[in-house]
Amino acid sequence: MEKIEIEESKTTLWVGDSAEVLKQYPDNHFDSVVTDAPYGIEFLGKDWDNNTGAIEVWKECLRVLKPGGYLLSFGAPRTYHRLATNLEDIGFEIKDSLMWLFGSGFPKAQDVGKRLAKRDGTEASENKYDGWKTGLKPAHEPIVMCRKPTKLTATDNMVEWGVGALNIDATRIVADEGDAYHDLKPGIVEGKKHGIFNEKGKEDLYAHKMMVKNDMGRFPSNVIGEIEEPYQKYFYHPKVNRKERHIGLDVNAIDKISQSTMSEHPLWDESMGTDINRLKNKIQQGVANANTHPTIKPIALMLYLVKLITPPNGKVLDCFNGSGSTGMAVKEFGGEYVGIDLDENYIEISRKRILAWDSK
Ligand SMILES: C[S@@+](CC[C@H](N)C(=O)[O-])C[C@H]1O[C@@H](n2cnc3c(N)ncnc32)[C@H](O)[C@@H]1O
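Keep in mind that this is a model prediction, so the values were computed, not measured.

Enquirer: Looking at this structure, how should I read the overall build of the chain?
Expert: Counting its secondary structure elements, the chain contains eleven helices and 14 strands. Here the chain, with 360 residues, has 43% of them falling under the buried criterion. When contacts within the chain are restricted to residue pairs at least 6 apart in sequence, those whose partners lie at least 24 apart make up 70%. For the chain, the exposed area adds up to about 19,900 Å²; of that, 50% sits on carbon and sulfur atoms.

Here it is in structure tokens:
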């Protein structure tokens, strides 16, 4: 277990197993948990991806979260049910499932027609299974929203613990300038009482829901989109770009090394001679020069989720930190961040990315 503090951004990073590291923290300590759990599909052959987050980790999350506090975790479409039922079985209340929509996925399906044609030595177009494949193009990731139970009402809980409701106004969606945003509420608009009337001409109080203009933006929904059209009513953000992925890391460091300068590099040793590839391999293995994490999330998306469930200056935990995307979002948000990952390389990448992150 190794602890790294980044004081200027109120960040603590840990190398270790979250089930163990979290024992350092008292009960009811964190305001929110925002995380991206392993998908339980051994993604790209990674060992850490063999479950949807260990039960011991989730139990610790329940203990260290404040009563009424929210937890949001990404899952995979194929294994989300395990993530959600595990959280429910250990005592969280499932409140919603959010959908993150994106357009950048590519289908990894097997082509049955082509395989058959190859096996039979024929043209794919000649067999009757031409066009049959084994899967769809991935275009969404589910996010489970759950809450630590509390005996108090949401209002009393907010007063007692500062958590227990969602910060709707901080996450409203501003789509276009001049767009009329509406909430469904009973009320008086521009001096006129609006309502829905029943057949006797009397106001129907149950149906008395009406559109009240809200200049702060649309009410956030449980769909989040990467695609601007036709989803512009939803929170929109671009996908992770190269700069965001590698910020703080000297991604070109390897390209800068030449045969004439390689012996000056601290990782060079005599046995390498002028074999530049041996030096490059050694650098790639040990030093965090590029963000090689396979499941990086966009900072704007993480910031949106953090804002939704965390009070201003609150304490946020990511028990599956990866390359630190939640920590960068929390730095921008202005709260305290604790990020934990089993892999020391990912923590070093996170340290550099969080230090370098400046949204401007
Ligand atoms: C899906 S990735 C998170 C990626 C992250 N959202 C990002 O943007 O880089 C999950 C991470 O959880 C870590 N992990 C898995 N089990 C863990 C455990 N028990 N304790 C701490 N970290 C763990 C893995 O090493 C992996 O980096």
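Enquirer: Honestly, the site of the ligand in this entry has me stumped. Any pointers?
Expert: Taken together, 22 residues are adjacent to the ligand, and Asp36, His293, Ser323, Ser325 and Asp341 come closest. At 3.0 Å from a nitrogen atom of the ligand is found a main-chain nitrogen or oxygen belonging to Ser18. One of the side-chain N or O atoms of Asp341 is found 2.7 Å from an oxygen atom in the ligand. Per-class residue counts for the shell around the ligand are ten nonpolar, eight polar and four charged.

Enquirer: I would appreciate a short explanation of the packing of aromatic side chains in the present structure.
Expert: Centre distance and the angle of the planes are the two values used to describe a pair of aromatic rings. Scanning the entire structure with this criterion turns up six aromatic pairs. Centre to centre, the rings of Phe74 and Trp100 are 5.9 Å apart; their planes meet at 80°, and the pair counts as edge-to-face. Of this pair, Phe74 sits in strand β4 (residues 65-74) while Trp100 is found in strand β5 (residues 93-101), placing the two residues 26 residues apart along the sequence. With relative accessibility at 6%, the residue Trp100 sits in the buried group. Centroid distance Tyr129 to Trp132: 6.2 Å. Interplanar angle 90°. Geometry classified as edge-to-face. Counting every residue linked through ring pairs, the aromatic cluster contains Trp14, Tyr25 and Phe30.

Enquirer: Teacher, can you tell me more about the state of the cysteines here?
Expert: Covalent bonding between the sulfur atoms of two cysteines defines a disulfide. Applying the stated criterion across every chain yields a total of zero disulfides. Left unpaired, Cys61 is separated from the closest cysteine sulfur, that of Cys319, by 3.7 Å. Of the residues examined, Cys61 reaches a relative accessible area of 0% and is grouped as buried.

Enquirer: Explain the pairing of strand β3 (residues 30-36) here, please?
Expert: Regular strands place their side chains on alternate faces of the sheet. Within β3, seven of the seven residues are buried, which leaves it mostly tucked inside the rest of the structure. Bridging between β3 and β4 involves six bridges; their strand directions are parallel. Bridged to Val33 within β4 is Leu71. When β3 meets strand β13 (residues 315-318), the two strands line up parallel, connected through two bridges. Counted as the bridge partner of Ser32 is Val316 from β13.

Enquirer: Would you mind going over a nonpolar patch on the surface with me for this structure?
Expert: A cluster of nonpolar side chains, Val112, Tyr129 and Trp132, forms an exposed patch at the surface whose accessible area comes to about 300 Å². Tracing the chain through its elements places Trp132 in the loop between α4 (112-120) and β6 (140-147).

Enquirer: When you look at unusual backbone geometry in this model, what are you seeing that I'm missing?
Expert: Excluding glycine, residues mostly carry a negative phi; peptide bonds, for their part, are mostly trans. One non-glycine residue, Lys10, adopts positive backbone phi at about 50°. Mapping Lys10 onto the fold places it in the loop between β1 (2-6) and β2 (11-15). Exposure remark for Lys10: the relative accessible area of 42% places this residue in the partly exposed category. One non-glycine residue, Asn28, adopts positive backbone phi at about 55°. By secondary structure assignment, the location of Asn28 is in the loop between α1 (18-21) and β3.

Reading the values: rules and limits
Residues numbered from 1 in each chain as written. Predicted model: local features only at pLDDT ≥ 70, side-chain atom pairs only at ≥ 80, totals over all residues. Heavy atoms only, no water. Helix = DSSP H or I, 4+ residues; strand = E, 2+ residues; numbered from the N terminus. Buried < 20%, exposed > 50% of the residue type's maximum accessible area, 1.4 Å probe, protein only. Contact = heavy atoms within 4.5 Å. Areas by Shrake-Rupley, 256 points an atom, 1.4 Å probe, with all protein chains shown as cover. Near = heavy atom within 4 Å. Polar contact = N/O pair within 3.5 Å; in protein donor to acceptor, adjacent residues only side chain to side chain. Nonpolar A, V, L, I, M, F, W, Y, C, P; charged D, E, K, R; others polar. Phe/Tyr/Trp six-rings, centres within 6.5 Å; stacked < 30°, edge-to-face > 60°. Disulfide = S-S within 2.5 Å. Pairing = 2+ DSSP bridges. Patch = residues over 30% accessible without salt bridge, like charges linked within 9 Å, V, L, I, M, F, W, Y side chains within 5 Å. Salt bridge = Lys/Arg side-chain N within 4 Å of Asp/Glu carboxyl O.

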